[in-house]
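This is what each chain is made of:
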Amino acid sequence: MKMGSSGALLLVAVAAAVAGLATANFRDDCDIPWEPQNAWFSNDGNDLSLKLVTNYSGCMLRTKKQFVYGTVSTLIQLVPGNSAGTVTTYYASSVGDNHDEIDFEFLGNETGQPYTIHTNIYANGVGKKEMQFKPWFDPTSGYHNYTISWSPCMIVWYVDSVPIRVFRNYETSHGVAFPTRRPMYAYSSIWAAEDWATQGGRVKTDWSKAPFVANYHGINLDICECYSYGGCSTSCPAAAAPYMGACQLSYAELGRMQWIQGTYRIYDYCADPKQWDNGQRPVECGLPQK
């Protein structure tokens, strides 16, 4: 459903108001909690490289700020050449038990074979909601934008401003768990997963090609900063989405998403009974996700 013109205008106004506040800096606005020696900054901290050296020495970046609702995005150039067994990630996650998480994971492959764009969501510690795509571009030859948009009504995964997946909030109406209360950090990492990442683990990492390097350019954080479980303000633009008519994709966005899913989606948990608990199809699989 297309949002009304007044809702669209309000979104444009809000976006313009926060645009100057959204741009962050990897060096100033993020920490490296794992293997900091494998990360380096350039271009005054606006560019970042993460390096995977061995099967136990990768790297992780984490924002200093936590948030409930918002949009986080960055440009990534993935590991070129033979990247089999490597995983580069960009995601948001809470900490502690029964965590919430919204995932982009990029699973490497043999030279000449496409990456897998893996998406998933955890709510109250429960995941198993994977959807995977093959890219319609070469993610190693240049930078591409990856965006996670989290509002009270839906989560949207974007690639180069094109929505590829939506997960709507059906918690109240249908009992489908949805992240609404646990503050998250945004993360990125590179790590080794040759036991499962490439063709089900059949293709192993060629460590003679190490180090494997993923490059980043620019990070944007339009977020509702929050550090308290269940006690965050709902007055910032991302949290106000339901009141701004911003709970549906436009017709154009919906059309692009349907084309991507019809052409480039290679896995959908809703079509895989082996992933279903007790053989029951997940409730949300029978509900609109747009």
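This structure is a prediction, so every number in the text was calculated from the model and none was measured.

### Considerations on the overall build of the protein chain
Then comes step 1: Helices and strands together make up the secondary structure of the protein chain, namely four helices and 16 strands.
Then comes step 2: Against the 2.2 N^0.38 benchmark of 19 Å for 290 residues, the protein chain shows a C-alpha radius of gyration of 19 Å, consistent with a compact globule.
Then comes step 3: Each of the three principal axes of the protein chain carries a C-alpha extent, and together these read 55 × 50 × 35 Å.
Then comes step 4: Residues classed as buried in the protein chain amount to 51% of the 290 residues present.
Then comes step 5: Excluding contacts between residues fewer than 6 apart, the proportion of contacts in the protein chain whose partners are at least 24 apart in sequence is 70%.
Then comes step 6: Across the protein chain, the 21 positively charged side chains and the 26 negatively charged ones have centroids separated by 6 Å.

### So, the UniProt feature "active site" (unreviewed entry) in the protein chain
Then comes step 1: The sites that UniProt annotates as "active site" (unreviewed entry) are Glu 101 and Glu 105.
Then comes step 2: Taking the relative accessible area as the measure of exposure, Glu 101 reaches 13% and is therefore buried.
Then comes step 3: A distance of 3.5 Å separates the side chain of Glu 101 from the side chain of Ser 93, its partner in a polar contact.
Then comes step 4: Topologically, Glu 105 is positioned in strand S8 (residues 101-107).
Then comes step 5: With relative accessibility at 14%, the residue Glu 105 sits in the buried group.
Then comes step 6: When near neighbours in sequence (up to four residues on either side) are disregarded, Glu 105 contacts Val 87, Thr 88, Thr 89, Thr 116, Ile 117, His 118, Trp 191 and Trp 196.

### Considering the packing of aromatic side chains
Then comes step 1: Under the defined criterion, the tally for this structure stands at 14 aromatic pairs.
Then comes step 2: Where Phe 67 meets Trp 150, the ring centres are 6.0 Å apart and the plane angle is 65 degrees; that geometry is what we call edge-to-face. In this pair, Phe 67 is assigned in strand S6 (residues 67-77) and Trp 150 in strand S11 (residues 144-150), connecting sequence segments 83 residues apart.
Then comes step 3: If you follow Arg 62 out to its NZ or CZ, it ends over the ring of Tyr 185, 4.3 Å from the centre.
Then comes step 4: Of note, Arg 165 hangs over the ring of Trp 157, and the distance from its end group to the ring centre comes to 4.7 Å.

### Focus on the side chain of Thr 86
Then comes step 1: Mapping Thr 86 onto the fold places it in strand S7 (residues 86-93).
Then comes step 2: Those residues in contact with Thr 86 that lie beyond four places of it in its chain are Leu 52, Phe 106, Leu 107, Gly 108, Trp 191, Thr 205 and Phe 212.

### Observations regarding the nonpolar core
Then comes step 1: Grouped together as the largest cluster of nonpolar side chains are 60 residues, with contacts concentrated most on Phe 104, Phe 106, Tyr 146 and Trp 150.
Then comes step 2: Tallying contributions element by element places strand S15 (residues 212-225) first for this core, with seven residues.
Then comes step 3: If we ignore the near neighbours within four places in the chain, the residues touching Phe 106 are Ile 76, Leu 78, Thr 86, Val 87, Thr 88, Thr 89, Tyr 90, Tyr 115, Thr 116, Ile 117 and Tyr 146.
Then comes step 4: Core analysis: the second largest hydrophobic core is formed by eleven residues, Tyr 158, Ala 241, Cys 247 and Met 257 among them.

### Looking at the sheet that holds strand S14 (residues 185-192)
Then comes step 1: Ordered in space as S2-S5-S14-S7-S8-S9-S10-S16, the eight strands form an open sheet in which the pairing is antiparallel. On the outer flanks of this sheet lie strand S2 (30-34) and strand S16 (265-268), each paired with one strand and no other. When the angles between neighbouring strand axes are averaged without regard to direction, this sheet yields 15 degrees.
Then comes step 2: Across seven bridges, S8 lies against strand S9 (residues 116-122) in antiparallel orientation.

### Structural notes on the confidence of the model for the protein chain
Then comes step 1: Taken over all residues, the pLDDT of the protein chain has a mean of 90, while the share at 70 or more is 91%.
Then comes step 2: Across residues 1-21, confidence stays below pLDDT 50; counting only partners more than four residues off in sequence or on other chains, it has 20 contacts.

### Brief notes about the pairing of S11
Then comes step 1: Counted residue by residue, S11 has seven buried out of seven residues, so it is predominantly covered.
Then comes step 2: A two-sided burial pattern is seen for S11, the buried positions comprising His 144, Tyr 146, Ile 148 and Trp 150 on one face and Asn 145, Thr 147 and Ser 149 on the other.
Then comes step 3: For S6 and S11, the ladder comprises seven bridges, and the chain directions are antiparallel. Looking at the pairing, Leu 75 lines up with Asn 145 of S11.
Then comes step 4: Looking at chain direction, S11 and strand S12 (residues 154-159) are connected through five bridges and run antiparallel. Bridge pairing in S12 links Trp 150 to Ile 155.
Then comes step 5: A loop of three residues connects S11 with S12, the two strands running antiparallel in sequence.

### Focus: unusual backbone geometry
Then comes step 1: A cis amide bond links Ala 210 with the next residue in sequence, Pro 211, at an omega value of 0 degrees.
Then comes step 2: Turning to its location among the elements, Pro 211 is positioned in the loop between S14 and S15.
Then comes step 3: Not every positive phi belongs to a glycine, and Asn 43 is a case in point at roughly 55 degrees.
Then comes step 4: Residue class for Asn 43 comes out partly exposed when judged on its relative accessible area of 42%.
Then comes step 5: One non-glycine residue with positive phi stands out, namely Gln 199, at about 50 degrees.
Then comes step 6: Summarising the element assignment, Gln 199 is placed in the loop between S14 and S15.

Conventions we followed
Within each chain, residue numbers correspond to sequence positions counted from 1 in written order. Totals for whole chains, interfaces and linings use all residues, but because this is a predicted model, local features are given only for residues with pLDDT of at least 70 and pairs of side-chain atoms are given and counted only at 80 or more. The side-chain figures draw on all heavy atoms in the structure; neither hydrogens nor water molecules are used. Think of it this way: any DSSP run of H or I at least four residues long counts as a helix, any run of E at least two long counts as a strand, and we number them from the N terminus. Radius of gyration: C-alpha atoms only; globule rule: 2.2 Å multiplied by the number of residues to the exponent 0.38. Buried means the residue's accessible area, taken with a 1.4 Å probe over protein chains only, is under 20% of the maximum for its type, while exposed means over 50%, and partly exposed covers the values in between. It only takes one pair of heavy atoms within 4.5 Å for two residues to be counted as in contact. Residues counted as positive are Lys and Arg, residues counted as negative are Asp and Glu, and His and the chain ends are not counted. Charged groups are reduced to one reference atom each: NZ for lysine, CZ for arginine, CG for aspartic acid, CD for glutamic acid. UniProt positions are given in the numbering used here, feature names are shortened, and annotations may be inferred rather than shown by experiment. Under the rule applied, a polar contact is a pair of N or O atoms within 3.5 Å (in protein, one hydrogen donor and one hydrogen acceptor; residues adjacent in sequence only if both atoms are side-chain atoms). Any Phe, Tyr or Trp ring, taking Trp's six-membered ring, that has another such ring centre within 6.5 Å forms a pair; planes under 30 degrees apart are called stacked, those over 60 apart edge-to-face, and the others tilted. By definition, being over a ring means that NZ of Lys or CZ of Arg is both within 6 Å of the ring centre and within 35 degrees of the ring normal. Here the nonpolar core consists of buried residues drawn from Ala, Val, Leu, Ile, Met, Phe, Trp, Tyr and Cys, with membership extended through side-chain atoms lying within 4.5 Å. Criterion used throughout: strands pair if DSSP finds at least two bridges between them. In this description, a line fitted to the C-alpha atoms serves as the axis of each element, helices being fitted only across the stretch in contact, and the angle between N-to-C directions of two axes falls anywhere from 0 to 180 degrees. pLDDT gives the predictor's per-residue confidence on a scale running from 0 to 100.

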